[in-house]
Number of protein chains: 2
Amino acid sequence: MHPAESPRPSPQRRTRQRQAVDEILTGLAEFRTAQQIHDELRHKGDSIGLTTVYRTLQLMADAGELDAIRTAEGETAYRRCSGGHHHHLVCRSCGRTVEVSGPAVERWATAIAEEHGFREVSHDLEIFGTCQNC
Amino acid sequence: MHPAESPRPSPQRRTRQRQAVDEILTGLAEFRTAQQIHDELRHKGDSIGLTTVYRTLQLMADAGELDAIRTAEGETAYRRCSGGHHHHLVCRSCGRTVEVSGPAVERWATAIAEEHGFREVSHDLEIFGTCQNC
DNA sequence: TTCAGTGCAAAGCTTTTGCAACTAA
DNA sequence: TTAGTTGCAAAAGCTTTGCACTGAA
């Protein structure tokens, strides 16, 4: 269900398309879907196939360079992430995202899972709200 | 992104199909997708359309009778739930689910969101692990 | 020169919708 | 009787795959 990610090797060739995706993601504080990124690149004048965007994002996520979440609409959204374990505080309206972490929550989750006899515990936590600007 | 659910009115007619879905869900401690429920009903000999299963599950979820989660594979899985706010401890292997709740986590999530200027805060939290039997 | 990478078209999947037939109340 | 339900077929959306072509190293 949520397999531990085994960091794959990074892509081997630096292509124009991969650089473009990489740049879009840089300095962006929101989650974006493959289709959104594809649209943005096209509007910017870059030529790139939707398939390539999908594949590039998957590679980057597999390599641990991106965080991926599933939206309520069934899409997969990506965002560059810092290493280490953390969670997200996401604006429902504009999508702005803040990375947060809370050791207390980690401990609570592990403790309650073990209490019920569960091992190899992991968890997903996303916080949603409306940010100041929205 | 995660709109507050406004509990719709429950279905108005008690049909054979809706009773069948209801019964499958009763006493089941795991999340099931629409397709899984459809399969189980068919194997049991009940005749029901996949479309009807989808619609019935949506109605029940809208009425607050079911919890819905998105699997990593992109499917929506449902499970009968108790009222009130709670989270799930899910077995990665067999799908067995335990409802858990932690006031401390709720407070933490709300606090950290407000700290960042977010209002109307909600959150999603699922804990995964391997249960004793697996 | 080579083989990873690209992108179009087509296929795959889950879920939703149109609509005529059906049925609970 | 009649309005809510059903279910097939078709459509909609997101994502993946087949495959011939392209281009980075």
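Residues numbered from 1 in each chain as written. Chains lettered and ligands numbered in written order. Predicted model: local features only at pLDDT ≥ 70, side-chain atom pairs only at ≥ 80, totals over all residues. Heavy atoms only, no water.

Further remarks concern the sheet that holds strand S6 (residues 119-130) of chain A. With mixed pairing, the six strands of this open sheet are ordered in space as S5(A)-S4(A)-S6(A)-S6(B)-S4(B)-S5(B). The sheet is open, and its two borders are formed by strand S5 (97-100) of chain A together with strand S5 (97-100) of chain B, each paired with just one other strand. Strand-to-strand twist in this sheet, taken as the mean axis angle between neighbours without regard to direction, amounts to 20 degrees. Set on the sheet, helix H4 (residues 103-115) of chain A makes contact with strand S4 (87-91) and S6 of chain A together with strand S4 (87-91), S5 and strand S6 (119-130) of chain B; between it and S6(A) the angle comes to about 135 degrees. (Pairing = 2+ DSSP bridges. Helix = DSSP H or I, 4+ residues; strand = E, 2+ residues; numbered from the N terminus. Axes fitted to C-alpha atoms, helices over the stretch in contact; angles between N-to-C directions. Contact = heavy atoms within 4.5 Å.)

Of all residues adjacent to DNA strand D, which total 22 residues, the nearest are A:Arg13, A:Tyr54, A:Gln58, B:Gln12 and B:Arg55. Taking all atoms of DNA strand D within 4 Å of the protein, the share assigned to sugar and phosphate is 63%. Here the surface near DNA strand D gets four residues from one element, more than from any other, and that element is helix H3 (residues 50-62) of chain A. Each residue belonging to the surface near DNA strand D can be placed in one class, and the counts come to three nonpolar, twelve polar and seven charged. (Near = heavy atom within 4 Å. Nonpolar A, V, L, I, M, F, W, Y, C, P; charged D, E, K, R; others polar.)

So, on to the relation of the copies chain B and chain A. For the pair of chain copies, the relating operation is a rotation around an axis with a shift along it. When chain B is brought onto chain A, the operation consists of a screw motion whose angular component is 180 degrees and whose axial shift is 0.0 Å, with 0.2 Å RMSD remaining. Here the two chains are linked by the operation of a two-fold rotation axis. If distances are taken from each C-alpha of chain B to the rotation axis, the shortest is found for B:Leu125, at 2.2 Å. Comparing interface residues between copies, 100% of those in chain B also sit at the interface in chain A, which points to an isologous, same-surface contact. (Least-squares fit on C-alpha atoms with pLDDT ≥ 70 in both.)

By the definition in use, this model includes ten salt bridges over all chains. For the salt bridge of B:Glu30 with B:Arg32, the shortest nitrogen-to-oxygen distance reads 2.8 Å. In this structure, B:Glu40 engages B:Arg32 in a salt bridge whose closest nitrogen and oxygen atoms are separated by 2.7 Å. Using a relative accessible area of 29% as the deciding quantity, one classes B:Glu40 as partly exposed. What you see here is one network of salt bridges that share partners, running through A:Glu30, A:Arg32 and A:Glu40. (Salt bridge = Lys/Arg side-chain N within 4 Å of Asp/Glu carboxyl O. Buried < 20%, exposed > 50% of the residue type's maximum accessible area, 1.4 Å probe, protein only.)

Given 3.6 residues per helical turn, the α-helix brings residues three or four places apart onto the same face. For H4(A), which comprises 13 residues, the first-to-last C-alpha distance of 18 Å matches the rise-based estimate of 18 Å (1.5 Å per residue) to within 8%. Three or more residues of H4(A) are buried, namely A:Val105, A:Glu106, A:Trp108, A:Ala109, A:Ile112 and A:Ala113. Seen along its axis, H4(A) keeps its buried residues to an arc of 165 degrees; they face one direction. In H4(A), those exposed residues whose orientation departs by more than 90 degrees from the buried face are A:Pro103, A:Arg107, A:Glu114 and A:Glu115. On its buried face, H4(A) is in contact with S4 and S6 of chain A together with S4, S5, helix H4 (103-115) and S6 of chain B. (Expected span 1.5 Å × (residues − 1). Arc of directions from axis to C-beta.)

Before going further, it helps to examine the nonpolar core. One broad rule of soluble globular proteins: the nonpolar side chains tend to lie buried together. Residues A:Trp108 and B:Trp108 are the most contacted members of the largest nonpolar core, which totals 26 residues. Listed by contribution, the elements that provide at least two residues to this core are S4, S5, H4 and S6 of chain A together with S4, S5, H4 and S6 of chain B. Setting aside residues up to four positions removed in sequence, A:Trp108 forms contacts with B:Val100, B:Ser101, B:Gly102, B:Val105, B:Leu125 and B:Ile127. (Core = buried A, V, L, I, M, F, W, Y, C linked by side-chain atoms within 4.5 Å.)

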